[in-house]
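Now for the letters of each chain:
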Amino acid sequence: DARVTQTPRHKVTEMGQEVTMRCQPILGHNTVFWYRQTMMQGLELLAYFRNRAPLDDSGMPKDRFSAEMPDATLATLKIQPSEPRDSAVYFCASGLGTAYNEQFFGPGTRLTVL
Amino acid sequence: QKEVEQDPGPLSVPEGAIVSLNCTYSNSAFQYFMWYRQYSRKGPELLMYTYSSGNKEDGRFTAQVDKSSKYISLFIRDSQPSDSATYLCAMSEGGYQKVTFGIGTKLQVIP
């Protein structure tokens, strides 16, 4: 059963701390996306990788966020330093790079920054 | 103004009702139109996609796209309590461009 996995599922941290979220895309998928979801803003694209190369990170606050794909089986999203306004659910999704960019979402990481 | 507008609801209907969910958009370059369903505390999953204008039917679900009005709809016939979820419209220009999501409409089907 191929699924996107994300760790941790929940994270509570204090303001100023570094947060690292990890994602294992579905084997064989060549696109990876990071989203942030809040009640007020909905799903916001933070980063988009194709064949491990970043294609779009225009939605990501560059001063504190960074996204990488060290290899095809791992994508990471880091926040340093974290702030209370970063509290949200962070989703990773992967896909086969179809024309309409179908995405298979992971279960999300629920982040709370105190 | 957002590129994709969607009423967040909530929308509450009795079991068996026909549900209509809608989105409007401003980017005339959008070619692919999708509906994702998200259950509580889960990630979204693709329900249907349509290319350009027209209708597409899949079981109890029908997606409609009117590009001239920049308006898309999802109809659910004979709604079931298991349809209770948040429905997100999503759109893309194609060519592997990013997908832009609506905020999602929360639907509750009452038994």
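How each quantity is defined
- Residues numbered from 1 in each chain as written.
- Chains lettered and ligands numbered in written order.
- Predicted model: local features only at pLDDT ≥ 70, side-chain atom pairs only at ≥ 80, totals over all residues.
- Heavy atoms only, no water.
- Salt bridge = Lys/Arg side-chain N within 4 Å of Asp/Glu carboxyl O.
- Buried < 20%, exposed > 50% of the residue type's maximum accessible area, 1.4 Å probe, protein only.
- Contact = heavy atoms within 4.5 Å.
- Buried area = accessible area lost by both parts, 1.4 Å probe.
- Polar contact = N/O pair within 3.5 Å; in protein donor to acceptor, adjacent residues only side chain to side chain.
- Helix = DSSP H or I, 4+ residues; strand = E, 2+ residues; numbered from the N terminus.
- Nonpolar A, V, L, I, M, F, W, Y, C, P; charged D, E, K, R; others polar.
- Pairing = 2+ DSSP bridges.
- Axes fitted to C-alpha atoms, helices over the stretch in contact; angles between N-to-C directions.

## A short note on the pattern of salt bridges
Residues and elements named next belong to chain A.
Now for step 1: All told, the structure shown has nine salt bridges over all chains when counted by the stated rule.
Now for step 2: Of the charged contacts, one joins Lys62 and Asp57 as a salt bridge, the two residues approaching to 3.6 Å between their closest N and O atoms.
Now for step 3: The class of Lys62 is partly exposed, set by a relative accessible area of 49%.
Now for step 4: For Asp57, a relative accessible area of 29% corresponds to the partly exposed category.
Now for step 5: With a shortest N-O distance of 2.6 Å, Asp86 and Arg64 are connected by a salt bridge.

## Examining the interface of chain A and chain B
By a frequent convention, interface size equals the accessible area lost on bringing the separate parts together.
Now for step 1: Taken together, the contacts link 24 residues of chain A with 21 residues of chain B.
Now for step 2: In total, chain A and chain B occlude about 1800 Å² of area from one another, counting both sides; carbon and sulfur atoms represent 56% of this.
Now for step 3: Our count for the contact surface shared by chain A and chain B stands at one salt bridge.
Now for step 4: Salt-bridge contacts for Lys98 of chain B lead to Asp56 of chain A; the nearest nitrogen and oxygen are separated by 3.9 Å.
Now for step 5: The interface formed by chain A and chain B contains four residue pairs in polar contact (both at pLDDT 80 or more).
Now for step 6: Put simply, the parts of the chain that give the side of chain A that touches chain B at least two residues each are strand E4 (31-38) and strand E5 (42-50) of chain A.
Now for step 7: Broken down by element, the side of chain A that touches chain B gets its largest block of residues, five residues, from E5 of chain A.
Now for step 8: Of the residues that constitute the side of chain A that touches chain B, the class distribution is eleven nonpolar, nine polar and four charged.

## Focus on the sheet that holds strand E6 (residues 54-58) of chain B
All names here are of chain B.
Now for step 1: With antiparallel pairing, the five strands of this open sheet are ordered in space as E1-E3-E8-E7-E6. The outermost strands of the open sheet, each flanked by one partner alone, are strand E1 (4-6) and E6. Averaged over neighbouring strand pairs, the angle between their axes works out to 15° when direction is ignored.
Now for step 2: The pairing of strand E3 (residues 19-25) with strand E8 (residues 71-76) spans six bridges and is classified as antiparallel. Note on E8: the bridge partner recorded for Ser20 is Phe75.

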